[in-house]
Amino acid sequence: MANITLKGNPIHTLGDLPAVGEKAPDFELVKNDLSRVSLKDFHGSKVVLNIFPSVDTSTCAASVREFNKRIDELDNTVVLCISKDLPFAQARFCGAEGIESAVMLSDFAKGEFGKNYHLEITDGPLAGLHSRAVVVLDEEGRVVYKEQVDEIVNEPKYEEALAALK
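(A) Summary view of the pattern of salt bridges. Under the criterion given, the structure shown has 11 salt bridges. Where E28 meets K110, a salt bridge forms, and the shortest distance between an N and an O atom there is 3.2 Å. Placement of the pair is E28 in strand β3 (residues 28-31) and K110 in the loop between β7 (103-106) and α3 (112-116), with a sequence separation of 82 residues. Where D56 meets R92, a salt bridge forms, and the shortest distance between an N and an O atom there is 3.0 Å. Of this pair, D56 sits in the loop between β5 (46-51) and α1 (58-71) while R92 sits in helix α2 (residues 87-97), placing them 36 residues apart in sequence. If you follow the salt bridges from partner to partner, you end up with E66, K69, R70, E73 and E159 in one network.

Following this line, the structure appears as structure tokens:
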């Protein structure tokens, strides 16, 4: 289990993110239009999984904005922003913020993504939500970079994640 903190207080996840070099577990998540999408749908593209507790917090919103801004600089790459927020809340946020390049996906229906990637928070006030993490995949769906953000209120290391795409 990953040991992370929330404003300095220890909280834990189900385990550790998939290891670099491993094939990422497939998933089925819900898009803002309520259609379903899986990792297989992005085969052949590089994928950034920007994972967070809720788009309704400042740090989570900042990560979506930053990856959305930077994705257009990258060839053959898609950014998937994943939380347990309802698709309606994600759509509202995207409309208000002008998010057009990043793809918002919700794990609200089954919660299997958080479990399969071992990043569901198991205790503390955010129990049941996803921890803040970034996982970068190559065109074959193998992990080339991962970051489990130690302090959940901190932003991820954007430059390191994006450098892994080159």
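After that view of the structure, there is still more to cover.
(B) Focus on the sheet that holds β7. The strand order β4-β3-β7-β6-β5-β8-β9 describes an open sheet built from 7 strands, whose pairing is mixed. Among the strands making up the open sheet, the edge pair consists of β4 (36-38) and β9 (143-148). On average, each strand axis in the sheet is tilted by 30 degrees relative to the strand beside it, whichever way the strands run. Both β5 and strand β8 (residues 133-137) contribute to a ladder of 5 bridges, which runs antiparallel. Within β8, the position partnered with I51 by the bridge is A133. Sheet contacts for α2: β3, β6 (77-83) and β7; angle to β7, the most-contacted strand, approximately 160 degrees.

Rules used throughout
- Within each chain, residue numbers correspond to sequence positions counted from 1 in written order.
- Given that this is a predicted model, residues contribute local features only at a pLDDT of at least 70 and side-chain atom pairs are listed and counted only at 80 or more, while totals for whole chains, interfaces and linings are drawn from all residues.
- Side-chain calculation: all heavy atoms of the structure are included, whereas hydrogens and water are not.
- The rule for a salt bridge is simple: a side-chain nitrogen of Lys or Arg has to be within 4 Å of a carboxyl oxygen of Asp or Glu.
- For helices the rule is a DSSP run of H or I covering at least 4 residues; for strands it is a run of E covering at least 2, with both sets numbered from the N terminus onward.
- Strand pairing is defined by DSSP finding a minimum of two bridges between the two strands.
- To get an axis, a line is fitted to the C-alpha atoms, and for a helix only the part in contact is used. The angle between two axes follows their N-to-C directions and goes from 0 to 180 degrees.
- It only takes one pair of heavy atoms within 4.5 Å for two residues to be counted as in contact.

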